[in-house]
Structure formats: structure tokens, C-alpha cells
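# Breakdown of the fold
Single-letter residue listing:
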Protein chains: 2
Amino acid sequence: MERTDWQRLSLNQITTERWSLREAAEGCVRAGISWIGLWRHKVQETGLAESKRILRDTGLKVSSLCRGGMFPAATAAERDRRLDDNRRAVEESAELGTDVLVLVCGPAPDKNIAEARKQVEEAIERLAPFAASHGVKLGIEPLHPMYAAERSVVNTLAQAAAMAERFDPAQVGVDVFHVWWDPDLFGQIERLKGRIFGFHVSDWPVPVPDLLMGRCMMGDGVIDIRRIREAVDAAGYDGPIEVEIFHQGIWDSPGDDVLSLMKTRFLEHV
Amino acid sequence: MERTDWQRLSLNQITTERWSLREAAEGCVRAGISWIGLWRHKVQETGLAESKRILRDTGLKVSSLCRGGMFPAATAAERDRRLDDNRRAVEESAELGTDVLVLVCGPAPDKNIAEARKQVEEAIERLAPFAASHGVKLGIEPLHPMYAAERSVVNTLAQAAAMAERFDPAQVGVDVFHVWWDPDLFGQIERLKGRIFGFHVSDWPVPVPDLLMGRCMMGDGVIDIRRIREAVDAAGYDGPIEVEIFHQGIWDSPGDDVLSLMKTRFLEHV
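The paragraphs below set out a description of the structure included in this document. Predicted model, so just to flag it, every value in this text is computed and none were measured.

### Things to note about the overall build of chain A
Regarding its fold elements, chain A presents 11 helices and eight strands. Against the globule reference of 18 Å for 270 residues, chain A gives a C-alpha radius of gyration of 17 Å, in line with a compact fold. Residues classed as buried in chain A amount to 52% of the 270 residues present. Within chain A, residue pairs in contact and separated by at least 24 positions form 78% of the contacts whose partners lie at least 6 positions apart.

Take a look at the structure:
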């Protein structure tokens, strides 16, 4: 299905990393984009009250807050501390008017990845009632397996789906960059019917220059984004679609140019 | 189970990338290592006849030949050409006295990864009888998902297992670097009982510096190698264990030092 408007387009503000929250919000308004995905460190930099004012003034809707998570740790005390931080993230999500907190679940503190995965489940189980009472969904985002050692031990849709099925209001986020390679991609998206909280797009360049900063603009890589988007649509997700790109060249470009290109590519490839 | 000898240790010659085949073979003899894993470009550089002489003179056993594969291509003619090249690789394996040809299956020529996976299956189906008639097993090696766009569209043990189950004499290679993150790792190793052709070890450093050259020496990373080795043993594999490390620092070190460290780490971590 061809796309003719930007209604579902959301700027994940990491894509314009040099912009402050105000600059990103005003950039969205200029570009006619009505959604924005926020990052906690950006909110902190601006202040929560001021961030809320900016959102109210611009009329932007918040698609999600990035990020909670980072649950596994070597000691119970440290795990409790992180859980507390996640409770703050849930509160911030509610304050900012979004019902989605994205979880990047965290790496293992040692060589025991199975134990770290258990700790993630325990943390989500403990966090879920608190999130529910704030009207916030916990969006488990499976991260690409190349981040298993440094960012998240949740690395496939199947694994995230199994957790979301156990812990209401946990849901699953689909980010094309993290999951496009999965031989069971479409089967898992179908399984997630009704449990997809968000959809992130970017692309995978060839050759990929770097692990963290390797993403590129939609259309500049090898991911069949439209096919994945149609599957996500078919699984019942009709919410905002965030463009989230970690890429030095994009970060170094003028924000207005990035948003303009992003809009074009969104119509062509998403 | 503690390890007290190096009987199963094999030097995959990419680990000592600067050594010629003769230098690597003589290095193994000096180090008391009785197995070597060869690469086709190294054999070519030395010549097949001369390579065979070196193996006979040193008495080394060949654990595998790297690599066949690279099957998907945009045209049928190009796919046929690649299949021919794989037939040559099967012949070379037999000539060199190894019964294992490692397959790195190749990337997609376009955005259609599902089609490329089908082309891999078709190629293995066509290659299998030829391999069988030469007494050579086709070792499907699932590569880490971060290589899906550039090296192989076979990215999980489950996917490789499904192929090996269909196409005799196809088997599956387990390389800890490629599969350690898999949430279903131990279930799939169990499923592969009797179908594992080889076991490769290295380690995953934190932070990982680079996609291709990111591997490190066993013990310098986060992979629980011994636990995986014990599972592979329990699945009936009792053949050579290749150390295969792409790492600039190791490539730049004197080969004898690398083999010495490799032996120590093999006892400690494998």
C-alpha cells in the first residue's frame, strides 16, 4: 500500500541528536510532524516541567519515552536500585503524556546470559503492576544479537513475545534494524497480534560501518521496510512509526534537512 | 570437565593469517598440535599438490576446509557458476584429506532475504549428492545475524538444523562467536545430536571493536565457552575443535606466541 501522508510519522529525537528537546519539537512543528519520541537524558537536560510546557505549546503527541530497562546486575541491591529508576521512568512517561516506556533490558553482569535473562523477567514482573497503575505499557524491545553483550540480553521477537505474553501490560516493540534478519520474523509478528506497542524504522547499510552508529536512513540499506510495516499493520498496530537513527552523518546534518529527507523516505519506503 | 591435553585442538589457519600454509603446518608441529583447518585462498597460494606434500610431511590431520557457499545470486547463470566453484571446493576437500567443507552460505543480492534463503537451500540440495560421492560433508555454519547482509543469510542454529535435516550429508557447524547469544542455543544443540560436523571457538570481547575483526582469544570475552562445549560433546560431537580468530592484534603477533597462548587458553576455557 502506498503512503500519502505523514500522520503516523514520529521523530525519535535521537535522530536529531544535537537538537535540544525544544529545538526538536519546534522542528517537528515546522515539518508538519505531529509525533515525537523522547529520550530521558534529553528530558532531564531540559527539565520535566519545561518539557511538558514545550509539548503543550507545540501540541506534539509523545509516541514513547526511551528508555527504561538495564535490569540485570551482580547484586540484589543494585537490581533494586535499577528497578527504582524504572519506576521513575514510568512516572515520567505518564507525566509526559505517553503510554509507552521503551525497555532496553540490559546486558549480563558476567558470563551467565541465562541468569541475566531470568533477572530481566523478574524485573518486568515486579515493574508491571506499577506501570499498569500509571497507565503505562512496558515496551520490550528486542535488540539485535550484536548488542547482547553490551545493551540487552533480549535479542529476538520470540523471546520478547514470550515475556509480553506473561506480564501484562508488557508489550513488544518492533524495530526493523534489530529484527530484519530473523528467519522467523513474519511468524513472530503474527504471533504478536495485539501486543505490538510501537514500530521503529531506519535501515541497514552495506557495508555496515559500525556496531552502534551503523544505522542509515530508510532506503539507503537492505531492509525491506515496507513488507515488515505491512506485517506489523496486519498484526493490528496502527500507532505512530518512529524514525530512530544513530548515524554520525545524520547527526552532523542540519535538523530541518534531516526531517525533510525523513518525510520523503517515509512515503517511499515505509 | 577439566581438559588436560590438546588432542582435539585444531588451528584454523585464519588465526595465524600472516603465516603461509607451510609456516602454519610447521608451527603446529612445533606446538604439538595435530589438527589444522585450512582456507582455500591459502591452499591456492601454496598450490594444491604442494599443500598435500606439506600435510604428508608434517603428518597433520585436516579438520576442515573453509569455505564453500556464497550461493545466492541475481541470475541463474551466476548461481550455476557458484555451484561449480563449490564442486571444486568439495574436490579440494577430498584431495586434502578432510571430510568437512565449511559453508558460509552468502548474502542476498537484493532486499529479498527470504528468496536468498530459498536459493541457499536449492544449492545445498544440488550440491549434496556430489559431496556424498566424494565422502565430504557439507558443514552449514550459521553466521551471526550481524553478517546477514554481507556474508550469510543463514543466521541461527534452528535454521541450519532444518536444512541439515533435509539434505544429507549436510551437517551443522557450531561456532561460539556466531551463536552464543541465541536464547534457544542449548535446545538447538540438543536437536543437532549426530549432525554437528565441527566446533569453532574464539570469544566475544566487551566492547566489541569491529564487526569482522571483533573476535578475541578464548577467555578474553564474555562467552561461556566451556558450557557450550559440554553441550556439543553431549550431542555426540567428539572431533577436532578449531580455534578461529579474526583479530588484528593476534594477526600481528608472532605465530608461535599465538599458538602457545591458544594452548593455555584451550585448557582453561574450552
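So that's the structure; there's more coming.
### Considering the sheet that holds strand S6 (residues 170–175) of chain B
Residues and elements named next belong to chain B. Here eight strands make up a closed barrel; going around it, the order is S1-S2-S3-S4-S5-S6-S7-S8 and the pairing parallel. For this sheet, the mean inter-axis angle between neighbouring strands, taken without regard to orientation, is 30 degrees. In this sheet, strand S2 (residues 35–39) lies alongside strand S1 (residues 9–12) in parallel orientation, the contact comprising three bridges. Within S2, the residue paired with Leu11 across the bridge is Ile36. Contacting strand S5 (137–140) and S6, helix H6 (residues 157–166) runs over the sheet at an angle of about 160 degrees to S6.

### Details of the packing of helix H1 (residues 21–31) of chain A against helix H11 (residues 255–269) of chain A
Residue and element names in this part refer to chain A. Here H1 crosses H11 at 45 degrees, and the two axes come no closer than 10 Å. In terms of orientation, H1 lies oblique with respect to H11. When you trace H1 past H11, the crossing you get is right-handed. Side by side, H1 and H11 meet where Glu23, Gly27, Arg30 and Ala31 of the first sit next to Gly255, Asp256, Leu259, Ser260 and Lys263 of the second.

### Observations concerning the relation of the copies chain A and chain B
Turning chain A through 180 degrees and shifting it by 0.0 Å along the axis lays it on chain B, with an RMSD of 0.0 Å. Such a combination of turn and shift is consistent with a two-fold rotation axis. Residue A:Met146 of chain A places its C-alpha closer to the rotation axis than any other residue of that unit, at 3.1 Å. Counting the interface residues of chain A, we find that 100% of their copies in chain B are interface residues as well, pointing to one common contact surface.

### Side note on the environment of B:Val136
Residues and elements named next belong to chain B. With respect to the element layout, Val136 can be found in the loop between helix H5 (113–133) and S5. Residue classification places Val136 among the buried positions, given that 23 C-beta atoms sit within 10 Å. Here the alpha-carbon distance between Val136 and Val90, two residues 46 residues apart in the chain, equals 6.6 Å. If sequence neighbours within four positions are ignored, Val136 has contacts with Val90, Ser93, Ala94, Asp99, Leu101 and Ala131.

### Looking at the interface of chain A and chain B
Quoted interface sizes are often the accessible area lost when the parts come together. Between chain A and chain B, the residue contacts involve 22 residues of the former and 22 residues of the latter. In terms of residue class, the side of chain A that touches chain B is built from 13 nonpolar, five polar and four charged.

### Remarks on the nonpolar core
One finds A:Leu101, A:Ile140, A:Val172, B:Leu101, B:Ile140 and B:Val172 to be the most contacted residues of the largest nonpolar core, which totals 175 residues. Setting aside anything within four residues of it in sequence, one finds B:Leu101 in contact with B:Leu65, B:Gly68, B:Ala89, B:Val90, B:Ser93, B:Ala131, B:Val136, B:Leu138 and B:Gly139.

### Side note on helix H4 (residues 76–95) of chain A
Since the α-helix advances by 3.6 residues per turn, residues separated by three or four positions end up pointing in the same direction. Residues and elements named next belong to chain A. For H4, built from 20 residues, the straight-helix expectation of 28 Å at 1.5 Å per residue is met to within 8% by its first-to-last C-alpha distance of 29 Å. Three or more residues of H4 are buried, namely Asn86, Ala89, Val90, Glu92 and Ser93. For H4, the buried positions fall inside an angular range of 160 degrees around the axis, keeping them on one side. Facing away from the buried side of H4, by more than 90 degrees, are the exposed residues Ala77, Arg81, Asp84 and Arg88. Tucked inside the fold, the buried residues of H4 contact helix H2 (40–46), helix H3 (48–58), strand S3 (61–69), strand S4 (100–104) and helix H5 (113–133).

Criteria and cut-off values
- Residues numbered from 1 in each chain as written.
- Chains lettered and ligands numbered in written order.
- Predicted model: local features only at pLDDT ≥ 70, side-chain atom pairs only at ≥ 80, totals over all residues.
- Helix = DSSP H or I, 4+ residues; strand = E, 2+ residues; numbered from the N terminus.
- Rg over C-alpha atoms; globule rule 2.2 N^0.38 Å.
- Buried ≥ 20, exposed ≤ 12 C-beta atoms within 10 Å, placed from the backbone.
- Contact = placed C-beta atoms within 7 Å.
- Pairing = 2+ DSSP bridges.
- Axes fitted to C-alpha atoms, helices over the stretch in contact; angles between N-to-C directions.
- Parallel < 35°, antiparallel > 145°, perpendicular 65-115°, else oblique.
- Left-handed = near helix turned anticlockwise from the far one by under 90°.
- Least-squares fit on C-alpha atoms with pLDDT ≥ 70 in both.
- Nonpolar A, V, L, I, M, F, W, Y, C, P; charged D, E, K, R; others polar.
- Core = buried A, V, L, I, M, F, W, Y, C linked by C-beta atoms within 7 Å.
- Expected span 1.5 Å × (residues − 1).
- Arc of directions from axis to C-beta.

By themselves these figures say nothing about function.
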